[in-house]
Amino acid sequence: MIKQDVIKFFDHYASQWDADMIRNDSIINTILDNAGVFAGTSVLDVACGTGVLIPDYLKRDVNSVLAIDISSKMIEIAQKKFQDTIVQFVCADIETVSISQKFDCCVVYNAFPHFPSPENLIRVLADMLNVHGTLTIAHGMNRAKIDQHHKGAASNVSLGLMSEDALSELMNPYFTVTTKISNDSMYQVTGIKRTNHILG
């Protein structure tokens, strides 16, 4: 998978993204509860797209949101939709961008298979979290549906979604895994950053 192909893919589909989106508020609330996204927290929204979860963060009265996406078209749409001063949008590659702030919560929602190096992504995100901060990787549908969905136009910009056990193993050097769900309706693995892995 080549990152430039990922950018082109999401730039191409950005204008129709919201129209095609399927939301399940109950699942999203469960994901954000497990992720520790509550009042007063700072949130890093990785691969935020058109800002799918921004209304949910605002309802929870978070302290701040940094929403980042590699697609400039996605970011453009998100910026037009949300003008709240606590939300900042950045178009950048999360694995190479320089961010001085540390966050309480990091959420990667409906995006994990589009990162070519999951191991590196997890290492980078661990470095961006406060001690005891949470990383959540989640999808609002099950693994089989995700993989089937990505077999079409997204086949060259998506890896298969690994099992929750495999993802837990990848996170284990940096995080204590607290939530591991893979059922008929959703997928989520959440971990709390270990105190012995203060990376930077």
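For clarity, every value in this text was computed on a predicted model and none was experimentally measured.

Visitor: Account for the overall build of the chain, with residues named and values stated.
Guide: Looking only at helices and strands, the chain has 7 helices and 7 strands in total. Each helix and strand of the chain, placed in order from N terminus to C terminus, yields the pattern α-α-β-α-β-α-β-β-α-β-α-α-β-β. Its C-alpha radius of gyration of 15 Å places the chain within 12% of the 16 Å reference for a compact globule of 200 residues. Seen through its principal axes, the chain has C-alpha atoms that stretch 40 × 40 × 35 Å. Burial analysis of the chain (200 residues in total) assigns 46% to the buried set. A separation threshold of at least 6 residues defines the contact pool for the chain, and within that pool the share at least 24 residues apart is 66%. If you sum the accessible surface of the chain, you get close to 9,200 Å²; carbon and sulfur atoms cover 50% of it. When the 16 basic and 22 acidic side-chain charges of the chain are each reduced to a single mean position, those positions are 1 Å apart.

Visitor: Report on the packing of helix H1 (residues 3-20) against helix H4 (residues 72-81), specifying residues and quantitative values.
Guide: It is at 7 Å that the axes of H1 and H4 come closest, and there the two elements cross at 30°. Regarding the angle of H1 to H4, the classification is roughly parallel. Each of Phe 10, Asp 11, Ala 14, Ser 15, Trp 17 and Asp 18 in H1 lies in contact with H4, whose residues at this interface are Ser 72, Lys 73, Met 74, Ile 77 and Lys 81. Partitioning the contact of H1 with H4 into residue classes produces 5 nonpolar, 2 polar and 4 charged.

Visitor: Can you tell me about the nonpolar core, naming the residues and giving the values?
Guide: By size, the foremost hydrophobic cluster in this structure holds 28 residues, and its most contacted members are Leu 44, Val 46, Ile 94, Val 108, Leu 125 and Leu 135. The element that contributes the greatest number of residues to this core is helix H5 (residues 118-127), accounting for 5 residues. Residues within four places of Val 108 in sequence aside, it is in contact with Val 46, Phe 115, Leu 125, Leu 135, Thr 136, Ile 137 and Ala 138. Ranked by size, the runner-up nonpolar core spans 25 residues in total, among them Ile 31, Ala 35, Ala 78 and Tyr 109.

Visitor: Can you explain H1? Please cite residues and give values.
Guide: Since the α-helix turns once every 3.6 residues, residues separated by three or four places project in the same direction. Ala 14 marks where H1 bends most, by close to 65°. Residues of H1 that are buried include every one of Val 6, Ile 7, Phe 9, Phe 10 and Ala 14, and no others. Buried residues in H1 make contact with H4.

Visitor: Kindly report on the pairing of strand E4 (residues 103-109), identifying the contributing residues and their values.
Guide: In terms of burial, E4 is largely enclosed, as 6 of its 7 residues are buried. In this structure, strand E1 (residues 42-46) lies alongside E4, joined through 4 bridges in parallel fashion. Residue pairing for E4: Asp 45 is matched across the bridge by Val 107. Here E4 pairs with strand E5 (residues 129-139) via 6 bridges, running parallel. Residue pairing across strands places Tyr 109 opposite Ala 138, the latter belonging to E5.

Conventions used here
Residues numbered from 1 in each chain as written. Predicted model: local features only at pLDDT ≥ 70, side-chain atom pairs only at ≥ 80, totals over all residues. Heavy atoms only, no water. Helix = DSSP H or I, 4+ residues; strand = E, 2+ residues; numbered from the N terminus. Rg over C-alpha atoms; globule rule 2.2 N^0.38 Å. Buried < 20%, exposed > 50% of the residue type's maximum accessible area, 1.4 Å probe, protein only. Contact = heavy atoms within 4.5 Å. Areas by Shrake-Rupley, 256 points an atom, 1.4 Å probe, with all protein chains shown as cover. Lys, Arg positive; Asp, Glu negative; His and termini not counted. Charge placed at Lys NZ, Arg CZ, Asp CG, Glu CD. Axes fitted to C-alpha atoms, helices over the stretch in contact; angles between N-to-C directions. Parallel < 35°, antiparallel > 145°, perpendicular 65-115°, else oblique. Nonpolar A, V, L, I, M, F, W, Y, C, P; charged D, E, K, R; others polar. Core = buried A, V, L, I, M, F, W, Y, C linked by side-chain atoms within 4.5 Å. Bend = angle between axes of the 7 residues up to and from the residue. Pairing = 2+ DSSP bridges.

From the geometry alone we can't say anything about function, so treat these as descriptive.
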